[in-house]
Amino acid sequence: MREALKQAEDAQASGEVPIGALILEPGGTIIAHGQNSVIREHDPTAHAEIVALRAAGKALGNYRLEGCTLYVTLEPCAMCAGAMIHARIGRLVFGAFDPKAGAVGSVLTVLNHPQLNHRIELTGGVLVEECGDFLRRFFQSRR
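So, here's what we can say about the structure. (Residues numbered from 1 in each chain as written. Predicted model: local features only at pLDDT ≥ 70, side-chain atom pairs only at ≥ 80, totals over all residues. Heavy atoms only, no water.)

1. Some points on helix H5 (residues 128-142)
Point 1. Across its 15 residues, H5 extends 22 Å between first and last C-alpha, which sits within 8% of the 21 Å expected from 1.5 Å per residue.
Point 2. Along H5, the positions that sit buried rather than exposed are Cys-131, Gly-132, Phe-134, Leu-135 and Phe-138. One face of H5 carries all of its buried residues, which in axial projection span an arc of 155 degrees. Of the residues in H5, the exposed ones pointing more than 90 degrees away from the buried face are Glu-129, Gln-140 and Ser-141.
Point 3. In the core, the buried residues of H5 are packed alongside helix H1 (2-13), strand S3 (69-74) and strand S4 (91-96). (Helix = DSSP H or I, 4+ residues; strand = E, 2+ residues; numbered from the N terminus. Expected span 1.5 Å × (residues − 1). Buried < 20%, exposed > 50% of the residue type's maximum accessible area, 1.4 Å probe, protein only. Arc of directions from axis to C-beta. Contact = heavy atoms within 4.5 Å.)

2. Some remarks on the side chain of Ser-37
Point 1. Note that Ser-37 resides in the loop between strand S2 (30-35) and helix H2 (38-41).
Point 2. For Ser-37, a relative accessible area of 9% gives the class buried.
Point 3. In this structure, Ser-37 is in contact with Glu-16, His-42, Ala-46 and Val-51, ignoring residues within four places of it in sequence.

As structure tokens, this is what we get:
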């Protein structure tokens with residue numbers, strides 16, 4: 001998660017909302033990084049998770065990321081949760097909960113919905129205070 005926080009710092013330095021992500025292959029090696037890039041790329045889908053998923057797919061030469069673990073500093077939104085299901089991510093680890101748009105239980109429960117065909121192991125609240133404080137300080141500075 002500390003590496004994901006570094007990605008969030010880099011995103012903030014580029015004028016983006018500070019959210020960072022990374023993906024590890026089943027052996028534990030980092031194969032992809034991602035950070036919010038919606039402003040820089042003029043792309044509403046360029047969330048940190050999506051950027052990391054795209055990079056991991058290229059690194060593995062496959063859109064299926066079975067057995068991989070995605071770390072992200074904020075609970076994923078519905079778009080990102082859906083992309084993780086399609087990619088067949090094996091595990092999701094996230095930091096802060098998102099009471100406004102979180103789709104892993106805070107607002108919606110997209111992951112592990114009983115009608116969907118893929119299950120993802122979940123761990124939330126990792127470095128929750130650090131991840132949450134980072135985002136709070138960012139938004140306070142913009143007000």
